Amino acid sequence: MFSQNKGLAKLLSVFMLVVIGSVNCLYEDQIKKFDWRTTQIGRLDQAYVELNGFQPRLLVSTKENVIASLCPKSGEVLWRQVFETGPRGSIKLMQLSSASSGADATAAARPGSAHGFDLLTVQGHAPALIRGWNANTGNLEWEWSLMPLQTEKALSSMWFYQNAMIYHVLPVWKSHLEVTPYFATSGQATGNTAKITAPWISEEKCILAGTYFTCIEGSQLISLDLTANQPQVISKALGETPVKPIRAMEGINGVIVVDDKLVGVKDDIPVCNALRGNSFTLGRFNNQNVIVTANVKDKYLNIDGYISESCQQITELTNSMPYPDHYGSPVIKSFDCKMNRNNDGKGCLFITDTSDDSILAVQQSKFRWTRSEALANIIATEFIDLPLADSEGELEKEMKGKAADIVSAFIHRISSQVLHFKSLLLHVIGLGSKPSATQKAGLVRDAFGLHKMLVILTKSGKVFGIDNMSGKQHWQLHLDNVEEFSNGEQMRLLIQRTSKHFPLHALCMVVAKDKTTGNGVLYRFNPITGQPAEGGLLQLNYQIKQLSMLPETDTDFVKGILIMDSNNKVQVYPEHAKSKANGLYMYTANKATGSLNGFYVKYENSQLTTLPLWSVDLSGHNGDHQIISVASKNPIETVHSQGRVMPDRSVLYKYINPNLVAVFTQASDSIHKYLLNVYLIDVVSGSVVFSMMHRKVRPPLHVVHSENWLAYAHYNDKVRRTEITTIELYEGKTQANSTVWSSLRAPPMPLVERQTYIIPTLVTSMRETITERGITSKDVLIGTASGSIVELPWALLDPRRPISSSSNGREEGAMPYIPELPLPTENMINYNQTISRLNYIYTAPSGLESTCLVVAAGLDMFVTRISPSKTYDLLKEDFDYILISIVLVVLTTGSLVAKHLASRKSLKQAWK
């Protein structure tokens, strides 16, 4: 019995050693040492600020379906509630109990109860969820739901709150309005639904202004009072047709903004007709209703207040301050003034939304705090190497000088060292030259290339320059009147020149579409300083159909941009790089028709022309297949190993085709419901290398394409689970060409390995790790719906995992195939830093071959660095430098003593 227990103890100890040795964890002192996170709420929709309550608060709702409470003093998020994306989570109404009318003594109390609400929201449409919240803690207190009979029509539904009642307005465009009142907290209907005939209503021309449903018809306002027992049509002449869309003014019932001026829907509604402004809001100051306007003039933000009844200006509320261009046009949302003895307006806080998705808090003609909510919609990121330090830059400049012979080179080197010593001495005594702006800001390249500038492009056209180590925003710029392309493709951020070509600065370009004309827009800037470069903004006179970067650079080390317009004509920017485009291949993909077309670019007689080469139709025999995704390989990817060693010591060579593109199409089917087709196409020759069909499989689809493998996550509708399919391509035991790949002389069709795995979570994004030389093993980063990022080694996703351990022809030590993929918590690189609505992951190489830089974004943003094969090229933090120094000194001393004794011994032996 004793021997049995002893053997069990040994087995347990061995098991514990194996488990402990395989754990990949994060020490407590490393939390937030190599990473940081920002918490966002999205673009502002509604805001209520209160400074005179027991606890000052700022409650907001956003376009990203978020309600939150911000600290009025700092703008910090105290709590937030993130609803579903899309129409299901859209916030139709947010009502604060203190912001309701004076007649609401019980604040929408339940019948026979004193219980009311602090904060009320209406969310979604099918069903619509009416909820009451505790505004101090963000906890849900009660809710009730309303399921419409016709869900399609309910998408346009509107809500408003009046006298302890909440009204549901359902417009049936070009026909009538359906209005139903409910008790706000109980959901009990107070009567029948009123149907109001209104054949003139349309979605583009109508708004809800308090209790009035108002439409614009030519130069007339047509309104209906929805709370009246017998609603009557109210008409009001405007004199001229409005140029801008009409919008409601928050706080005053029946007042709208028409071409930057206030207009009442009825003549008996008092308004200040003389006021002009881009935005208005209503608040209270000295126990009076006050209208506040915000305008930008001569690069100054001007905030003015007027008494609502008399339209008299209140000088205490006047604020004027310099307004940076990168904030866009402001829209004031709310304000409140803290009561004091002087009532001088110094305690007033103004909350402003801007067109670049920022939130500004203004107090005493200064920015109290700002929030960059454009970071809630990141569409592109790039890591830029920082410039050299001033001294290193001078040395780099001197080293580039070419000497005639060795003697002159030696003299030049000695003189440069003397100059450096002189510069160091002057800096010590305080007489040296002043450091550059980048040096002062700490933007200096480090030895391992881990410190970089993170350039971020957002959906609103805002561009940020952020320190990837600290998260500090060094600069911002805003591109006004730009948007994504017509086919749904996002704006592009391209690197034309890196910081490695001293003394030339780095150069980036943003490619977008003009909202007004639909033509292309190019903006070139310095990514280190954010200043425009090479002419800055360039408006094109044609629409962009496709673009590509030229592989070669000119003498200024700038990579040109090859752009194809809607007529299949090509242009190059800068124009002097036209000759570099000769002999390039381009392709276009039409998502709607499911077709791909290939072109050859030719440079002749100082002109660029395109020659159609091939066309592939993937629309299917019924023409109902549509392209849903196109995935190419990372252009900066480096493949280190060209093959895999087999158990018999032979090599299985990878099919590494840099021109291979993965195309996914989807169609509906009467038998299988959903069809998903995968095509691997060589976009130079137009040949289909491989194709495969999945039945009863549908999006969401996320793809990673790298080296000779492809991995994509999809939803299996038959068994209702998320799966990841992996594909690997091999040439075989012999390699057709080991030097240069040619698609025109391509080898035979590759050998294909494929496998499918089950992943026990919903996948929202995928990305592969990348390093500078490709030596480090690849991992796949998987973003989940819970907001975590799981780092899975490729060995777990390898389609060559054997079915059993005795399978022949597989690698030694390969893990047997198991359908379920493990998701251990220690593999979550963001540990407890959850990223809400994670939908974007970007990776970039660092100066260390073992380390990869990562940016993950959704509603929040998370930046970190990972080492898929551990930091094999870097000493550990707890490395004992003292011990190794002592050992080296002892060994060196011992070798010198031994050498001396050996020489004496040999000398004595020679005299014998």
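The structure presented is a predicted model; accordingly, all values stated were derived computationally and were not measured. (Residues numbered from 1 in each chain as written. Predicted model: local features only at pLDDT ≥ 70, side-chain atom pairs only at ≥ 80, totals over all residues. Heavy atoms only, no water.)

(A) Inspection of the overall build of the chain at higher detail. Helix and strand content of the chain: seven helices and 59 strands. The principal-axis extent of the C-alpha atoms belonging to the chain is close to 130 × 90 × 80 Å. The buried share among the 912 residues of the chain stands at 48%. Long-range pairs, those at least 24 residues apart, make up 52% of the contacts in the chain with a sequence separation of at least 6. On the chain, roughly 45800 Å² of surface is accessible, and the fraction owed to carbon and sulfur atoms is 53%. When the 88 basic and 84 acidic side-chain charges of the chain are each reduced to a single mean position, those positions are 5 Å apart. (Helix = DSSP H or I, 4+ residues; strand = E, 2+ residues; numbered from the N terminus. Buried < 20%, exposed > 50% of the residue type's maximum accessible area, 1.4 Å probe, protein only. Contact = heavy atoms within 4.5 Å. Areas by Shrake-Rupley, 256 points an atom, 1.4 Å probe, with all protein chains shown as cover. Lys, Arg positive; Asp, Glu negative; His and termini not counted. Charge placed at Lys NZ, Arg CZ, Asp CG, Glu CD.)

(B) Structural view of the pairing of strand β24 (residues 313–322). For strand β23 (residues 300–307) and β24, the ladder comprises six bridges, and the chain directions are antiparallel. Of the residues in β24, the one forming a bridge with N302 is S320. Taking the residues between adjacent antiparallel strands as the criterion, β23 and β24 are bridged by five residues, where C311 takes a positive phi near 65 degrees. (Pairing = 2+ DSSP bridges.)

(C) A look at the pairing of strand β50 (residues 697–706). Taking burial as the measure, the 10 residues of β50 include seven buried ones, the bulk of the element. Where β50 lies against strand β51 (residues 709–716), seven bridges are found, and the strand directions are antiparallel. Pairing of H702 across the sheet is with A713, part of β51. Hairpin connection of β50 to β51: two residues between the antiparallel strands, including E707 at a positive phi of 45 degrees.

(D) Summary view of the sheet that holds strand β48 (residues 673–682). Strand order in this open sheet of four strands is β44-β47-β48-β49, and the pairing throughout is antiparallel. If you trace the sheet from one side to the other, it starts and ends with β44 (626–631) and β49 (688–695), each paired once. Across the sheet, the mean angle from the axis of one strand to that of its neighbour is 20 degrees, orientation sign disregarded. As paired elements, β48 and β49 share seven bridges and run antiparallel to each other. Residue I681 lies in a different strand from β49, and its bridge partner there is V688. (Axes fitted to C-alpha atoms, helices over the stretch in contact; angles between N-to-C directions.)

(E) Looking closely at the sheet that holds strand β31 (residues 462–467). Strand order in the open sheet formed by four strands is β29-β30-β31-β32, with antiparallel pairing between adjacent strands. Each edge of the open sheet is held by one strand with a lone partner, namely β29 (378–385) and β32 (473–478). Here the strands of the sheet are splayed against their neighbours by 15 degrees on average, with no regard to which way each runs. Where strand β30 (residues 452–458) and β31 come together, five bridges link them in antiparallel fashion. The residue of β31 that forms the bridge with M453 is D467.

(F) Broad picture of the packing of aromatic side chains. Taken as a whole and assessed by the stated rule, the structure comprises 16 aromatic pairs. Ring geometry for Y327 against F367: centres 5.7 Å apart, planes inclined by 70 degrees, an arrangement best described as edge-to-face. Taken as a pair, Y327 in the loop between β24 and β25 (330–337) and F367 in strand β28 (residues 366–372) lie far apart in primary sequence, 40 residues in all. Taking the relative accessible area as the measure of exposure, F367 reaches 27% and is therefore partly exposed. One aromatic cluster is present, built from ring pairs that chain together Y323, Y327 and F367. Over the ring of Y730 we find R800; its NZ or CZ atom is 5.8 Å from the centre of that ring. (Phe/Tyr/Trp six-rings, centres within 6.5 Å; stacked < 30°, edge-to-face > 60°. Lys NZ or Arg CZ within 6 Å of the ring centre and 35° of its normal.)

(G) Looking closely at a positive patch on the surface. Taken together, R904, K905, K908 and K912 make up a surface patch of like positive charges. Relative to the assigned elements, K912 resides in the segment after α7 (881–911). (Patch = residues over 30% accessible without salt bridge, like charges linked within 9 Å, V, L, I, M, F, W, Y side chains within 5 Å. Salt bridge = Lys/Arg side-chain N within 4 Å of Asp/Glu carboxyl O.)

(H) Inspection of the state of the cysteines at higher detail. Applying the stated criterion across every chain, the model contains three disulfides. Between C206 and C215 runs a disulfide, and the two sulfur atoms are separated by 1.9 Å. A torsion of 110 degrees about the S-S bond marks the disulfide between C206 and C215 as right-handed. For the pair formed by C206 and C215, the shared burial category is buried. Disulfide pairing is shown between C337 and C348; the S-S distance is 1.9 Å. Every disulfide takes its handedness from the sign of the S-S torsion; for C337 and C348 that torsion is 100 degrees, giving right-handed. One end of the pair, C337, is in strand β25; the other, C348, is in strand β26 (residues 348–354), and 11 residues separate them in sequence. (Disulfide = S-S within 2.5 Å.)

(I) Region of interest: the confidence of the model for the chain. Chain-level pLDDT for the chain is 87 on average; 91% of the residues reach the 70-or-more range. Low pLDDT, under 50, characterises residues 1–23; the predicted model gives this stretch zero contacts beyond four residues in sequence or across chains. In this model residues 101–114 is a low-confidence stretch, pLDDT under 50, and it forms 27 contacts with partners more than four residues away in sequence or in other chains. (pLDDT = per-residue confidence, 0-100.)

(J) Region of interest: the pattern of salt bridges. Going through the model one piece at a time under the given rule, you end up with 29 salt bridges. Here the residues in one salt-bridge network are R43, D353 and D357, joined through shared partners.

(K) Looking closely at the nonpolar core. Residues M453, V455, L457, V463, L493, V510 and F525 are the most contacted members of the largest nonpolar core, which totals 23 residues. Those elements that provide at least two residues to this core are β29, β30, β32, β35 (507–514) and β36 (520–525). Judged by nonpolar contacts, the second largest core, of 19 residues, contains F335, C337, C348 and V362. (Core = buried A, V, L, I, M, F, W, Y, C linked by side-chain atoms within 4.5 Å.)

(L) Expanded view of α7. The end-to-end C-alpha distance of α7, which contains 31 residues, comes to 45 Å, matching closely the 45 Å that a straight helix rising 1.5 Å per residue would cover. Its side-chain oxygen placed 3.3 Å from the backbone nitrogen of I882, D880 serves as the N-cap of α7. (Expected span 1.5 Å × (residues − 1). Polar contact = N/O pair within 3.5 Å; in protein donor to acceptor, adjacent residues only side chain to side chain.)

(M) Layout of unusual backbone geometry. The residue after A126, namely P127, is reached through a cis peptide bond having omega 5 degrees. Within the secondary structure, P127 is located in the loop between β7 (119–123) and β8 (128–133). Even without being a glycine, N65 presents a positive backbone phi close to 60 degrees. The exposure class assigned to N65 is buried, which follows from its relative accessible area of 7%. Positive phi, close to 55 degrees, is recorded for R837, a residue that is not glycine. Relative to the elements of secondary structure, R837 occurs in the loop between α6 (794–797) and β57 (840–845).

(N) Broad picture of the environment of G732. With respect to the helices and strands, the residue G732 is situated in strand β52 (residues 721–732). C-alpha separation for the pair G732 and G686, spaced 46 residues apart in sequence, amounts to 22 Å. Residues contacting G732, with those up to four places away along its chain left out, are V651, L652, Y653 and L751.

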